[in-house]
Amino acid sequence: MVGNLILRLTIWFLLTSDLSVANIIIGVIVALVLPRGYPSKEVLKEWLTVLWKILLAVPQAYIEAFEIIVRPHKYEDVILEEVPANRSPRLIFLDIFLITFTPKTIVYKYRQDGWYEVHRVLPKRPKS
């Protein structure tokens, strides 16, 4: 339960970018009021892998933003990324958040057959 509350508050603070007392109170209320999902057994190794990827995504997001500023990306395409096997809904959410966090990519659809549809921008025309 505490881990779930911390995750929800972290996402709240990332979305609002505001650490004022009022926003912290609102974030705690929202985190407590949101419905609970079905409990699922996630492997600690999977969580640590995702958390490591999140830490690496922050500098990557800055690098990608700088690349887009310096060299505009005029092309785009859609790719499919496979969802890792036996992924819990929480880890799927974090995967989607991680892909969308970087400026060049966004998940615009999660398919029930185990794929993410990812839109991305590119500096060069993709090979057909």
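Residues numbered from 1 in each chain as written. Predicted model: local features only at pLDDT ≥ 70, side-chain atom pairs only at ≥ 80, totals over all residues. Heavy atoms only, no water.

Q: Is there a simple way to think about the overall build of the chain in this case?
A: When its secondary structure is counted, the chain shows four helices and three strands. Traced from its N-terminal end to its C-terminal end, the chain shows the element sequence α-α-α-β-α-β-β. Expressed as a percentage of the 128 residues in the chain, the buried residues total 27%. A separation of at least 24 residues holds for 65% of the contacts in the chain among residues at least 6 apart in sequence. When the accessible surface of the chain is split by element, carbon and sulfur atoms take 68% of a total near 9400 Å². (Helix = DSSP H or I, 4+ residues; strand = E, 2+ residues; numbered from the N terminus. Buried < 20%, exposed > 50% of the residue type's maximum accessible area, 1.4 Å probe, protein only. Contact = heavy atoms within 4.5 Å. Areas by Shrake-Rupley, 256 points an atom, 1.4 Å probe, with all protein chains shown as cover.)

Q: For this particular structure, what's the right way to read the environment of Glu-76?
A: Looking at the element boundaries, Glu-76 is found in strand E1 (residues 75-82). Owing to a relative accessible area of 52%, Glu-76 belongs among the exposed residues under this scheme. Considering only alpha carbons, one finds Glu-76 and Ala-61, 15 residues apart in sequence, at a separation of 18 Å. The contacts of Glu-76, once residues within four sequence positions are left out, are His-119, Arg-120, Val-121 and Pro-126. A polar contact of 3.0 Å, which involves the side chain of Glu-76, links it to the side chain of His-119. (Polar contact = N/O pair within 3.5 Å; in protein donor to acceptor, adjacent residues only side chain to side chain.)

Q: Teacher, can you tell me more about the UniProt feature "transmembrane region" (unreviewed entry) in the chain here?
A: In the UniProt entry, the feature "transmembrane region" (unreviewed entry) is given for residues 12-34. Across residues 12-34, the secondary structure splits into 78% helix and 0% strand, with the terminal C-alpha atoms separated by 12 Å. (UniProt positions renumbered as here; feature names shortened; annotations may be inferred.)

Q: Would you mind showing me how to read the side chain of Arg-87 here?
A: Inspection of the secondary structure assignment puts Arg-87 in the loop between E1 and helix H4 (89-101). Of the polar contacts made by the side chain of Arg-87, one reaches the side chain of Asp-95; its length is 2.9 Å. Other than its neighbours up to four places away in sequence, Arg-87 contacts Glu-46, Val-50, Ile-92 and Asp-95.

Q: Teacher, can you tell me more about the packing of helix H3 (residues 44-70) against H4 here?
A: Two quantities define a packed helix pair, namely the angle between the axes and the distance from one axis to the other. Interaxial distance between H3 and H4 falls to 10 Å at its minimum, and their mutual angle equals 15 degrees. If you check the angle between H3 and H4, you find them roughly parallel. Of the two elements, H3 crosses H4, and the hand of that crossing is left-handed. Between H3 and H4, the contacting residues are Glu-46, Trp-47, Val-50, Lys-53, Ile-54, Ala-57, Val-58 and Ala-61 on the first element and Arg-90, Leu-91, Leu-94, Asp-95, Leu-98 and Phe-101 on the second. (Axes fitted to C-alpha atoms, helices over the stretch in contact; angles between N-to-C directions. Parallel < 35°, antiparallel > 145°, perpendicular 65-115°, else oblique. Left-handed = near helix turned anticlockwise from the far one by under 90°.)

Q: Any chance you could explain the pattern of salt bridges here in plain terms?
A: It is possible for side chains of opposite charge to pair when their charged atoms get near one another. Under the criterion given, the structure shown has six salt bridges. With a closest N to O distance of 2.7 Å, Asp-77 and Arg-120 form a salt bridge. Of this pair, Asp-77 sits in strand E1 while Arg-120 is found in strand E3 (residues 115-122), placing the two residues 43 residues apart along the sequence. Under the relative-accessibility criterion, Arg-120 is labelled partly exposed at 27%. Between Asp-95 and Arg-87 there is a salt bridge whose closest N-O contact spans 2.9 Å. Exposure remark for Arg-87: the relative accessible area of 16% places this residue in the buried category. Among the charged side chains, a network of salt bridges with common partners joins Glu-46, Arg-87 and Asp-95. (Salt bridge = Lys/Arg side-chain N within 4 Å of Asp/Glu carboxyl O.)

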